Amino acid sequence: MKFHSLAFLTIAAVSAALASPAMAQGMQAMPQAAMTHDDSVYQAFGAQPGVDKVIDDFIAVWKADPRISHALDHANVPHLAAMLKLQIGQLTGGPVKYTGEDMKTAHRGMGLRDADFNALAEDLQVAMDKNHVPFRAQNKLLAKLAPMERDIVTHR
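Note that this is a predicted model, so its numbers are computed, not measured.

A. Representation of the overall build of the protein chain. Check the secondary structure of the protein chain and you find nine helices and zero strands. When its helices and strands are written in sequence order, the protein chain yields α-α-α-α-α-α-α-α-α. Here the protein chain holds 156 residues, and the buried ones make up 41% of them. Counting only contacts in the protein chain whose residues sit at least 6 apart along the sequence, the fraction spanning at least 24 positions is 77%. A total of about 8,800 Å² of accessible surface is found on the protein chain, and carbon and sulfur atoms cover 59% of it.

B. How the structure looks around the pattern of salt bridges. Overall, the coordinates contain seven salt bridges when judged by the stated rule. A salt bridge links Asp57 to Lys130; the shortest N-O distance between them is 3.6 Å. Of this pair, Asp57 sits in helix α4 (residues 47-64) while Lys130 sits in helix α7 (residues 114-130), and the two are 73 residues apart along the sequence. On the basis of relative accessible area, Asp57 is assigned to the buried category, the value being 8%. One connected set of salt bridges, linked through shared partners, spans Asp65, Arg67, Glu122 and Asp123.

C. Just the packing of aromatic side chains, in detail. All chains considered together, the criterion is met by one aromatic pair. Geometrically, the ring pair formed by Phe58 and Trp62 is tilted, given 5.3 Å between the ring centres and 40° between the ring planes. Taken as a pair, Phe58 and Trp62 lie in helix α4 at a separation of four residues, close to a single helical turn. Classification of Trp62 as buried rests on a relative accessible area of 8%.

D. Here's a closer look at the side chain of Gln48. Tracing the backbone shows Gln48 in helix α4. Residue class for Gln48 comes out buried when judged on its relative accessible area of 16%. For Gln48, the contacting residues outside a window of four places in its chain are Tyr42, Lys85, Gly89 and Val96.

Conventions and cut-offs
- Residues numbered from 1 in each chain as written.
- Predicted model: local features only at pLDDT ≥ 70, side-chain atom pairs only at ≥ 80, totals over all residues.
- Heavy atoms only, no water.
- Helix = DSSP H or I, 4+ residues; strand = E, 2+ residues; numbered from the N terminus.
- Buried < 20%, exposed > 50% of the residue type's maximum accessible area, 1.4 Å probe, protein only.
- Contact = heavy atoms within 4.5 Å.
- Areas by Shrake-Rupley, 256 points an atom, 1.4 Å probe, with all protein chains shown as cover.
- Salt bridge = Lys/Arg side-chain N within 4 Å of Asp/Glu carboxyl O.
- Phe/Tyr/Trp six-rings, centres within 6.5 Å; stacked < 30°, edge-to-face > 60°.

So this is what it looks like as structure tokens:
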């Protein structure tokens, strides 16, 4: 299974809140013209129908992956899929808003390890490849997801 440039392992931190209060304050002071919205990654995924298909395929790959399928044993999979579709839609620059829990709260008590996180990253890449998401768009999403590892992984 290929792991594109090991992007998941080498990118620096993003919080589950997606922006710090200082950053949000700085954005408020920007002129409106400077605050253009970039949805190019979202469009590269095929907008929301493409994001939805990637997540549906990701869940299927995840369920079949003996390394990490156990994490779904007690999960409300339809709710999880819905939250992932919102989260990935937002992270890729789409007009949707993630309304779920922060990553630390959502993963509390799951006992996930680095190997689990990496397995999920690989499963997501399989789903993105299956849906012909361009390599550059994949890496841009992975760069936003990778730093969440510190809130998701609780056992080192």
